Structures are given as structure tokens and as C-alpha cells.
Amino acid sequence: MPDTSRKLVEDRVSISRDVPSRAELDPIAENDIAEVARFVAVQSGKTRETTESNLRWFLLENPACHPKHPLGFALRSAGLLVGCILCSPQAFLSESKKVVLMGSSSFYVDDLHRGHGGRIFLQYCRLGMQWPLFGTSANAQAAALWKAAGAKPIPGSDGELFGVLRWPPVAEEFAHRKNPNRLLSHLAGSSISGLIGLVRPLKLECNDPDSLQLLTSAEQANDLSIHDSSARLTAMRDLPYIRWRYFSGRDATVAVFAFRSRRPDREILVTVNQRTRGYRGQINTLNVLDVYPEVSPDDWLQPVGALIARYRNIVDAIVLRNQDAERQKLFRARGFQQRTFDAPNGWYLDKAKLLPTHDWYPVPADGDGLI
């Protein structure tokens, strides 16, 4: 990283006087995964067992990984792990050119060592001379580091579209944020949500759910027309990636579909998962992870309508990310709510100019944003 960029990053996260000064930054090895998982579990509020299992899948089973790829970097103070950033490569295509980007994941620093966050990120940025770098789960603090390093936001990563199917749990969340009283939140969720639903319904034709053919193997998905060259930078959806990402048994909520598109007349890949949101996990969302090959904005309405028809009795809302301005306008006109993030959660840094193009077709399945 140039000295000027390095100074910008260090200025963003200056080391305060009360932060312990002795901290060592070392590469993460495979035998460190259990220790890293314990630390990440504490920082993320998840169980150690679940975190370790997910990290071993995400880091070690990833088909894009090579033995020479770094797993990440760990910050230790007095022998204790106090910070980390993990590395997760992913293969992309532009035209017929394959390029591997080195993703970032699980960037955490404990409270007493927050001043060393810039140091950890600088170490990750040094990988930019070998690979283009990207991340899809940056919070506002991490976004400031990406920006200071000269990175650019991934298109459409500054917000999401939220299509509400059932208003009670969503209205409860609104009420809780305004007045965090659980009783009042429950009352709001049950009394005003019906009225809100009448005022802000989704105006989307819900196609026959049978227009989505559920695929039960990676081979079925691989047989779709998803291997044509693309002028835009897009994920390489080969058989090993599809098997790892969607058919590894890691997430019971993942579903992979073939949807018959009329323009062009072919089957397209549609993938989703489900996640809970809200102060008590009361909102069950369906996240659209991938729609490929890329279709026109109007043709996006068809698979989304079919998903709503299929999941309307199971989820409370459907979430769309990485939407361009035209698709955002289209879905807002159909009743989707725009949610703007504090800062873009997706960034890329191409210091060595290794990318064949900066024209992206990003999808939420890229990186670790909705893992």
C-alpha cells in the first residue's frame, strides 16, 4: 500500500494511550481454527461449536482455496487472541477470463485493542499486490478503512429492498426501536400492522410457485445455462462452487431453483436462504442470493413473484440486495421498502490493476455477507 494510503488508514484508527502496546500480528494456520472460532463466537454472539463448524467449512472446504493461500491474520497480546481477519478466495469471470479475488471475513478486534484494527487491516491490504481484494460484510467502521485504503463500493451494497409479506413482526420491530418496551412492541405488532399492510401492500404479480423447479443436486444446477461468458465481472458458478455453496448440508434453509425465463427463453438459476431478524428474532426473511444469468429489470419481477407465491406462508419478508438503480426504482414502485445502510457493506480494492473490468454483476451469494 502506498505510504499516503497507509497513513490515511492509520489516522482512521489511531492507537490510544490506554491500549496495550505489545501485540503481535501473525498468520493464521489450520491448527489455529479452534482458537479463532472461540474468539469469533464471543465477538459475534454465536456458539463456539457452530462458529467452528462454519469456519472449517468456509475456510477449509472452499474449492477456491489453494494451500498457498493465507487463511488470515491473528492479533495476539500476552498470548491471547484479541483480533483477527480471515481470508476467503472466490473465483470470478469476465468474458472467459478467470480471476481469483481474496475476500475478507470475520474482521473482529476486542474492545481493549480496537486501536489495532487499522494494523490488522493494513496486513490484509498487503495481499493486494497478489490478488484483488473484496469484502461483503463490512460495518461502518470497516467501511471507513476500506475507503481510506482507496477501495470502491461494490455496486448496490449501500442498502437493500425489503418486501413485507406479514406486517405484525415488522411493525413490532419499528415500535421497539422507537420505544424498547416489549409489551408496547407486542401491542403495536398486533394492532397497527393490519392497517400498515393495507396502506403499503406489495403490488407484485405472484406467479405460480410451480414455475420454480426445486433442484436437489449440484449436478442439476450445473446443467443450467450458467456457463456462458459474461462481459461483466461475475461469480464463477462451476460445479465445485455450486456443490460447496448450496449442497454441502451447512444450511437447511438454502434452496436452489430453476426458473423458466421468457426473455431470453431459458432456465435461470435462483437461489435463496432464510434468516431471522429483529430484536427477538421475530422476523423471518427470505434472502434472494443469486439470479443468473442476468435478466432485465422487468424479468426480475417474475422469479421474485414466484418466490413470494411459494414462501408467503413461511416467511415475513423477502430481501433483495445488490440491486442497481433501475431495479430499485422498479421494486419500490411495487411496494418494496428501501433500507439504506450506514455505509456500503461491500468493497473491492484493485491496487495492482489485476481485474479485467470494474463493471460488476454482484449477487448476495458473493463473499460472506449472507452466509
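Just above, that's the structure.
Everything in this summary refers to the structure shown in the same document. Along every chain, residues carry numbers that run from 1 in the direction the sequence is written. Only residues with pLDDT of 70 or above have their local features reported here, since the model is predicted, and side-chain atom pairs are shown and tallied only from 80 upward, although totals for entire chains, interfaces and linings are computed over all residues. Heavy atoms throughout the structure, all of them, feed into the side-chain values; hydrogens and water do not.

Counting residues in hydrophobic clusters, the biggest one holds 60 residues, and the most contacted among them are Trp300, Val304 and Leu307. With 7 residues, helix H11 (residues 297-311) is the single largest residue contributor to this core. Leaving out residues up to four positions away in the same chain, Leu307 has contacts with Leu212, Phe257, Val270, Val272, Leu286, Val288 and Ile318. Buried Ala, Val, Leu, Ile, Met, Phe, Trp, Tyr and Cys residues form a nonpolar core when they are joined through side-chain atoms within 4.5 Å. Any residue under 20% of the maximum accessible area for its type is buried, any over 50% is exposed, and the rest in between are partly exposed; the area is computed with a 1.4 Å probe on protein chains only. Within the second largest apolar cluster, 26 residues are counted, among which are Val82, Val109, Leu145 and Leu349. Numbering of helices and strands runs from the N terminus; a helix is a DSSP stretch of H or I covering at least four residues, while a strand is a stretch of E covering at least two. Residue contacts are defined here by distance: any two heavy atoms, one from each residue, within 4.5 Å place the two residues in contact.

In this analysis, strands are considered paired if DSSP registers two or more bridges between them. Here 7 strands make up an open sheet; going across it, the order is E8-E10-E11-E12-E13-E7-E14 and the pairing mixed. Edge strands, defined here as strands with exactly one partner in the open sheet, are strand E8 (212-214) and strand E14 (337-340). Recorded for the sheet is a direction-independent mean angle of 30° between the axes of neighbouring strands. Looking at chain direction, strand E11 (residues 265-277) and strand E12 (residues 283-292) are connected through 9 bridges and run antiparallel. Considered in E12, the bridge of Arg277 is made with Ile283. Each axis is a line fitted through C-alpha atoms, taken for helices only over the stretch in contact, and angles between the N-to-C directions span 0 to 180 degrees. Here H11 sits on the sheet and contacts E8, strand E10 (255-262), E11, E12 and strand E13 (317-321); the angle it forms with E10, its principal contact strand, is near 135°.

With that out of the way, let us pick up helix H2 (residues 33-44). With 12 residues, H2 extends 16 Å from end C-alpha to end C-alpha; this agrees with the ideal 16 Å at 1.5 Å per step. Residues of H2 that are buried: Ile33, Val36, Ala37, Phe39, Val40 and Ala41. Where H2 is buried, its residues contact helix H3 (48-60), strand E3 (80-95) and strand E4 (97-109). Note on H2: the residue one or two positions beyond its end, Gly45, has a positive phi of about 80°. Any helix carries an expected span of 1.5 Å times its number of residues minus one.

The next thing to look at is helix H5 (residues 140-148). All of the buried residues along H5 are Ala142, Ala143, Leu145, Trp146 and Ala148. Throughout this description, a polar contact denotes any pair of N or O atoms lying within 3.5 Å of each other; where both atoms belong to protein, one of them has to be capable of donating a hydrogen while the other can accept it, and for residues adjacent in sequence the pair is counted only when both atoms sit in side chains. In this structure Asn139 caps H5, since a side-chain oxygen of it lies 3.2 Å from the backbone nitrogen of Gln141. Phi turns positive, to about 95°, at Gly150, one or two residues after H5.

Any space left empty among the atoms is revealed by the rolling of a water-sized probe across them. Here a cavity means grid points, on a 1 Å grid over the protein atoms only, where a 1.4 Å probe fits yet cannot get out; a pocket means an open set of points with protein on both sides within 12 Å along at least five of seven lines; lining residues are those with an atom within 4 Å of a point. Grid points are joined across faces, edges and corners, and a volume is the space filled by probe spheres set on the points. The final tally for this structure, using the stated rule, is 3 cavities of 30 Å³ or more. For the largest cavity, the calculated volume is near 140 Å³. Under this grouping Gly is polar, as are all residues other than the nonpolar Ala, Val, Leu, Ile, Met, Phe, Trp, Tyr, Cys and Pro and the charged Asp, Glu, Lys and Arg. Of the residues contributing to the lining of the largest cavity, the split by class is 7 nonpolar, 8 polar and 2 charged. As for the second largest cavity, its lining consists of Phe58, Asn62, Ser88, Pro89, Gln90, Tyr241, Trp244, Arg245, Ala365, Gly367 and Ile371. Here the lining of the second largest cavity is built from residues that sort into 6 nonpolar, 4 polar and 1 charged.

Reported here for the second largest pocket is a volume of approximately 150 Å³. Surrounding the second largest pocket, Asn62, Pro63, Ala64, Gln90, Ala91, Lys98, Val100, Met236, Asp238, Pro240 and Tyr241 form its lining. Contributions of two or more residues to the lining of the second largest pocket are made by E3, E4 and helix H10 (239-246). Of the residues assigned to the lining of the second largest pocket, the class counts are 7 nonpolar, 2 polar and 2 charged.

A pair is scored as a salt bridge if a Lys or Arg side-chain nitrogen falls within 4 Å of a carboxyl oxygen belonging to Asp or Glu. The full count for this structure, using the stated rule, is 19 salt bridges. For Glu49, the salt bridge is made with Arg48, and the minimal N-O distance between the two is 3.4 Å. Judged by relative accessible area, which is 33%, Arg48 ranks as partly exposed. Ionic pairing is found between Glu219 and Arg243, a salt bridge with its closest N-O pair at 2.8 Å. Placement of Glu219 in helix H9 (residues 218-222) and of Arg243 in helix H10 is noted, with a sequence separation of 24 residues between them. Salt bridges here are not isolated pairs; linked through shared partners, they connect Arg48, Glu49, Glu52 and Arg56.

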